[in-house]
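Working through the structure, step by step
Residues per chain, in single letters:
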Amino acid sequence: MPAALPDFDSTAFRSALGRFATGVTVVTAMGPDGRPIGLTVSSFNSVSLAPPLVLWSLSLTSGSLPILDAASHYAVNVLAADQLEVAKRFATRGNATDRFAQFPWRPGGNGAPLLEGCTAWFECYNRSRYREGDHCIFVGEVERCGHTDAMPLVFHAGGFDLTPQRSRKTPAS
Ligand SMILES: Cc1cc2nc3c(=O)[nH]c(=O)nc-3n(C[C@H](O)[C@H](O)[C@H](O)COP(=O)(O)O)c2cc1C
């Protein structure tokens, strides 16, 4: 039996989804011309520990889709709480290479750009792509990763939470 038609509009759907707080990442890759591209992504999540897999999804209308679809590798840069300007810049329309202009980066072990000052990074082999609805789900196999103790930038309900407090954190078990 197929799914019933939605009993909500897209605004209600986005508002409900927005209550799921996420971190903020910038997914980066090297283009065929040897120049970096990157965009802000909050749809990142873990998939598997062994093998180590992560996922994220990209709009089919994204100008970066052809490069990310074809790239052998990419990096997921998890932004720290003080990287609001990075999150905003990599979410702007226009040339995905120009977004790097003010922000230092270096090529990772697989060539994908690693932004300075991130709280974690995952260097991924571009393992699988699945078209679903109006997005493409990317599953990456993590070849290298790292992290710092910096607090993460948090996004929810359509906005950035600039004051995640370590003191409010409670152990999960
Ligand atoms: C906090 C935040 C999270 C975002 N998450 C995603 C995402 O998961 N997938 C996506 O396709 N676009 C996401 N976007 C939108 C893209 O960053 C934005 O549309 C960007 O300009 C797309 O890059 P492009 O022009 O190279 O396609 C997000 C934007 C913001 C501000």
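Structure: see above.
A brief structural summary. Quantities reported herein were computed from a predicted structural model and do not represent experimental measurements. (Residues numbered from 1 in each chain as written. Predicted model: local features only at pLDDT ≥ 70, side-chain atom pairs only at ≥ 80, totals over all residues.)

1. Comments concerning the overall build of the chain
As a reminder, the rule being used: The helix and strand labels rest on DSSP assignments: H or I over at least four residues marks a helix, E over at least two residues marks a strand, and numbering proceeds from the N terminus. Here the radius of gyration uses the C-alpha set of atoms, whereas the globule reference equals 2.2 Å times the residue count to the power 0.38. For every residue pair, C-beta atoms are placed from the backbone, and the pair is scored as a contact if these atoms sit within 7 Å.
Secondary structure summary: the chain contains three helices and 12 strands in total. Taking 173 residues into account, the globule formula puts the C-alpha radius of gyration at 16 Å, and the chain, at 16 Å, falls close to it. For the chain, the spread of C-alpha atoms along the principal axes amounts to about 45 × 40 × 35 Å. Residue pairs at least 24 apart in sequence account for 67% of intrachain contacts in the chain once pairs closer than 6 positions are excluded.

2. Describing the sheet that holds strand E2 (residues 25-30)
Selection criterion: Whether two strands pair depends on DSSP finding at least two bridges between them. Axes, fitted as lines to C-alpha atoms, cover a helix only where it is in contact. Angles between the N-to-C directions of the axes lie from 0 to 180 degrees.
Read across the sheet, seven strands follow the order E3-E2-E6-E9-E10-E5-E4 without closing on themselves; strand pairing throughout is antiparallel. The sheet terminates laterally at strand E3 (36-41) and strand E4 (45-48), the two strands that pair on one side only. Direction aside, the axes of adjacent strands within the sheet are offset by 35° on average. In terms of strand pairing, E2 meets E3 through six bridges, oriented antiparallel. Each bridged residue has a counterpart across the sheet, and for Val26 the counterpart in E3 is Thr40.

3. Points about the pairing of E2
Selection rule: Here exposure depends only on C-beta density: within 10 Å of a residue's C-beta, 20 or more other C-beta atoms make it buried, 12 or fewer make it exposed, and intermediate numbers make it partly exposed, the C-beta atoms being placed from the backbone.
Burial analysis of E2 places six of its six residues in the buried class, the great majority of the element. Going residue by residue along E2, you find Thr25, Val27 and Ala29 tucked away on one face and Val26, Thr28 and Met30 tucked away on the opposite face as well. Where E2 and strand E6 (residues 73-78) come together, four bridges link them in antiparallel fashion. When the sheet's bridge partners are listed, Thr25 is paired in E6 with Val78.

4. Some details on the site of the ligand
The criterion, for reference: In this analysis, residues qualify as near a molecule or strand once their C-beta atom, positioned from backbone atoms, comes within 6 Å of it. Charged means Asp, Glu, Lys or Arg here, nonpolar means Ala, Val, Leu, Ile, Met, Phe, Trp, Tyr, Cys or Pro, and polar covers whatever is left, Gly included.
Residues in contact with the ligand amount to 18 residues; listed here are only the nearest, Leu39, Ser42, Ser43, Ser62 and Ser64. Those elements giving two or more residues to the shell around the ligand turn out to be E3 and strand E5 (53-59). When grouped by side-chain class, the residues that make up the shell around the ligand number eight nonpolar, nine polar and one charged.

5. A word on the sheet that holds strand E12 (residues 159-161)
The pairing of strands in a sheet comes from backbone hydrogen bonds and takes either a parallel or an antiparallel form. Read across the open sheet, the three strands follow the order E1-E11-E12; overall the sheet is antiparallel. Only two strands of the sheet have a single neighbouring strand rather than two, namely strand E1 (22-23) and E12. As judged from the two bridges shared by E1 and strand E11 (residues 154-156), these two strands associate in the antiparallel manner. Bridge assignment links Thr22 to a residue of E11, and that residue is Phe155.

6. Focus: the pairing of E4
Looking at chain direction, E4 and E5 are connected through three bridges and run antiparallel. Pairing of Ser46 across the sheet is with Val54, part of E5. Counted between consecutive antiparallel strands, the loop separating E4 from E5 contains four residues.

7. Quick look at the environment of Phe90
Tracing the chain through its elements places Phe90 in the loop between helix H3 (84-89) and strand E7 (105-107). Residues Phe90 and Gly38, spaced 52 residues apart in sequence, show a C-alpha to C-alpha distance of 6.5 Å. Ignoring sequence-local partners within four residues, the contact set of Phe90 consists of Val26, Gly38, Leu39, Thr40 and Arg99.

8. Brief notes about the nonpolar core
Quick reminder of the rule: In plain words, the nonpolar core is the set of buried Ala, Val, Leu, Ile, Met, Phe, Trp, Tyr and Cys residues that C-beta atoms within 7 Å link up.
Of all hydrophobic cores here, the largest spans 31 residues; its most connected members are Val26, Ala29, Tyr74, Ala75, Val76 and Leu79. When contributions to this core are tallied by element, the ones reaching two or more residues are E2, E3, E5, helix H2 (65-70), E6, strand E8 (113-115) and strand E9 (120-132). In contact with Ala75, other than residues within four places in its own chain, are Thr28, Gly108, Ala112, Pro113, Leu114, Trp121, Phe122, Glu123 and Cys124.

9. Observations regarding the environment of Thr119
Along the chain, Thr119 falls in the loop between E8 and E9. Residue classification places Thr119 among the buried residues on the basis of 20 C-beta atoms within 10 Å. Taking the C-alpha atoms as reference, Thr119 lies 13 Å from Leu84; in sequence the two are 35 residues apart. Leaving out residues up to four positions away in the same chain, Thr119 has contacts with Val78, Leu79, Ala80, His147, Thr148, Ala150 and Pro152.

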